[in-house]
Amino acid sequence: MKKRYIYSMLFAVPGFLVSLIVAFIIFGFVAGFFWLYVYGDEPWPASAEQLLTILVVACFLALWAISLVIGFVTRNKKDPVAA
């Protein structure tokens, strides 16, 4: 197996945890914003719940993909001759 793929897998494990934590933090900020400025204490529509769910999943996947790419690029920058 090529080392650039090993680096990607090594970055994937902590990237998974960091992405999960950051996605939930973003969820908290957006839910707080919705509660304070948009919907308040009244019942929220189902579309807001769906939007928050999609936001968490999209943030998680995007951040995890970025960590994989960073791992891939890190290996390629250290030794451009090794393939």
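Conventions used here
- Residues numbered from 1 in each chain as written.
- Predicted model: local features only at pLDDT ≥ 70, side-chain atom pairs only at ≥ 80, totals over all residues.
- Heavy atoms only, no water.
- Phe/Tyr/Trp six-rings, centres within 6.5 Å; stacked < 30°, edge-to-face > 60°.
- Helix = DSSP H or I, 4+ residues; strand = E, 2+ residues; numbered from the N terminus.
- Buried < 20%, exposed > 50% of the residue type's maximum accessible area, 1.4 Å probe, protein only.
- Patch = residues over 30% accessible without salt bridge, like charges linked within 9 Å, V, L, I, M, F, W, Y side chains within 5 Å.
- Areas by Shrake-Rupley, 256 points an atom, 1.4 Å probe, with all protein chains shown as cover.
- Salt bridge = Lys/Arg side-chain N within 4 Å of Asp/Glu carboxyl O.

(A) Geometry of the packing of aromatic side chains. Within this structure, the stated rule accounts for eight aromatic pairs. Aromatic pair Phe16 and Trp64: ring centres 5.2 Å apart, planes at 70°, arrangement edge-to-face. Here Trp64 lies in helix α2 (residues 46-78) and Phe16 lies in helix α1 (residues 3-38), a separation of 48 residues in the sequence. Taking relative accessible area as the criterion, Phe16 reaches 32% and is therefore assigned partly exposed. Of the residues examined, Trp64 reaches a relative accessible area of 27% and is grouped as partly exposed. Ring geometry for Phe33 versus Phe34: centroids 6.5 Å apart, planes at 50°, classification tilted. Site record: aromatic cluster; members linked through ring pairs are Phe33, Phe34, Tyr37, Tyr39 and Trp44.

(B) Expanded view of the environment of Trp44. Positionally, Trp44 belongs in the loop between α1 and α2. For Trp44 and Phe34, which are 10 residues apart along the polypeptide, the C-alpha to C-alpha distance reads 9.2 Å.

(C) Main features of the side chain of Ser67. You can see Ser67 is positioned in helix α2. A residue is classified by how much of its surface remains accessible, and Ser67, at 11% relative accessible area, is buried.

(D) The arrangement of a nonpolar patch on the surface in detail. A grouping of Met1, Tyr5, Ile6, Met9, Leu10, Phe11, Ile66 and Ile70 is seen on the molecular surface, where their side chains present a nonpolar patch of about 800 Å² in accessible area. Residue assignment for the nonpolar patch shows that the elements contributing at least two residues are α1 and α2. For the nonpolar patch, the leading source of residues is α1, giving five residues. Position of Leu10 relative to the elements: it lies in helix α1.

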